[in-house]
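Below are the chains, spelled out letter by letter.
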Amino acid sequence: MEEVKVTTTAALAVWNALSKTMTGVSIQELCQQLKMTFAEVIYAVRLLARDYNIGLQMQGEQLIVVGIE
C-alpha cells in the first residue's frame, strides 16, 4: 500500500469543502475539486473524524463524506 502523508493543509481543504454542503460530498468529487488522490482524501477524512463529527456512508455507488448530528 502506498504511503500517504496527510498534512494539516490537506485536512483543512477537505473540511472547508465539506462545510459548504449540507448533504455531504462524494470522495470522488473531493478528489477532483481539491486535486488530491483518493488515499489523500480518505486519510484527511480519517484525521478530521478524530476531532469532528463526520463520517462516511454509501449513497448508491458513491462513498459520501457526511456530517453526523
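Note that the structure is a prediction, hence the values are computed from the model and not measured.

Is there a simple way to explain the overall build of the chain in this structure?
Helix and strand counts for the chain come out as three helices and three strands. Mapped from its N terminus to its C terminus, the chain presents α and β elements in the order α-β-α-α-β-β. The buried share of the chain, reckoned over its 69 residues, is 32%. Here the contacts in the chain between residues at least 6 apart in sequence split such that 50% fall between residues at least 24 apart. Carbon together with sulfur atoms contributes 52% to the accessible area of the chain, which is approximately 5,000 Å² in total.

Looking at this structure, I do not really get the confidence of the model for the chain. What am I missing?
Do not read the predicted coordinates in detail wherever pLDDT is low. Put simply, the chain has an average pLDDT of 82, and 86% of its residues get 70 or more. When pLDDT is averaged over each helix and strand of the chain, the minimum, 82, is found for helix α1 (residues 8-19) and the maximum, 92, for helix α2 (residues 27-34).

Could you clarify how one ought to interpret the packing of α1 against α2 in this entry?
The angle between the axes and the distance between the axes are what describe a pair of packed helices. It is at 11 Å that the axes of α1 and α2 come closest, and there the two elements cross at 115°. Between α1 and α2 lies a crossing whose hand is right-handed. Residues Ala 13, Val 14 and Ala 17 of α1 touch α2, and the partners they reach there are Leu 30, Gln 33 and Leu 34. Of the residues that constitute the contact of α1 with α2, the class distribution is five nonpolar, one polar and no charged.

Please explain the sheet that holds strand β1 (residues 25-26) as it appears in this structure.
Sheets are built from strands paired through backbone hydrogen bonds, the pairs being either parallel or antiparallel. Ordered in space as β1-β3-β2, the three strands form an open sheet in which the pairing is antiparallel. With one partner strand each, in any of the chains shown, β1 and β2 (54-59) form the two edges of the open sheet. Relative to strand β3 (residues 62-67), β1 runs antiparallel, the two being bridged by two bridges. Bridge pairing in β3 links Val 25 to Val 65.

Honestly, the packing of α1 against helix α3 (residues 38-51) in this entry has me stumped. Any pointers?
Taken N-terminus to C-terminus, the directions of α1 and α3 make an angle of 80°; their axes are 9 Å apart at the nearest point. In terms of axis orientation, α1 runs roughly perpendicular to α3. Where α1 abuts α3, its residues Ala 10, Ala 11, Val 14 and Trp 15 lie against Ala 44, Val 45, Leu 47 and Leu 48.

Explain the nonpolar core to me, please; I cannot follow it from the model alone.
As a rule of thumb, soluble globular proteins bury nonpolar side chains together. Core analysis: the largest hydrophobic core is formed by 16 residues, its most contacted members being Val 14, Leu 30, Val 41, Val 45, Ile 54 and Val 65. Listing elements by their share of this core, those giving two or more residues are α1, α2 and α3. Here the element with the most residues in this core is α1; it accounts for five residues. Not counting residues up to four positions away in its chain, the partners in contact with Leu 30 are Val 14, Ala 17, Val 25, Lys 35, Val 41 and Val 65.

Thresholds, definitions, all that
- Residues numbered from 1 in each chain as written.
- Predicted model: local features only at pLDDT ≥ 70, side-chain atom pairs only at ≥ 80, totals over all residues.
- Heavy atoms only, no water.
- Helix = DSSP H or I, 4+ residues; strand = E, 2+ residues; numbered from the N terminus.
- Buried < 20%, exposed > 50% of the residue type's maximum accessible area, 1.4 Å probe, protein only.
- Contact = heavy atoms within 4.5 Å.
- Areas by Shrake-Rupley, 256 points an atom, 1.4 Å probe, with all protein chains shown as cover.
- pLDDT = per-residue confidence, 0-100.
- Axes fitted to C-alpha atoms, helices over the stretch in contact; angles between N-to-C directions.
- Left-handed = near helix turned anticlockwise from the far one by under 90°.
- Nonpolar A, V, L, I, M, F, W, Y, C, P; charged D, E, K, R; others polar.
- Pairing = 2+ DSSP bridges.
- Parallel < 35°, antiparallel > 145°, perpendicular 65-115°, else oblique.
- Core = buried A, V, L, I, M, F, W, Y, C linked by side-chain atoms within 4.5 Å.

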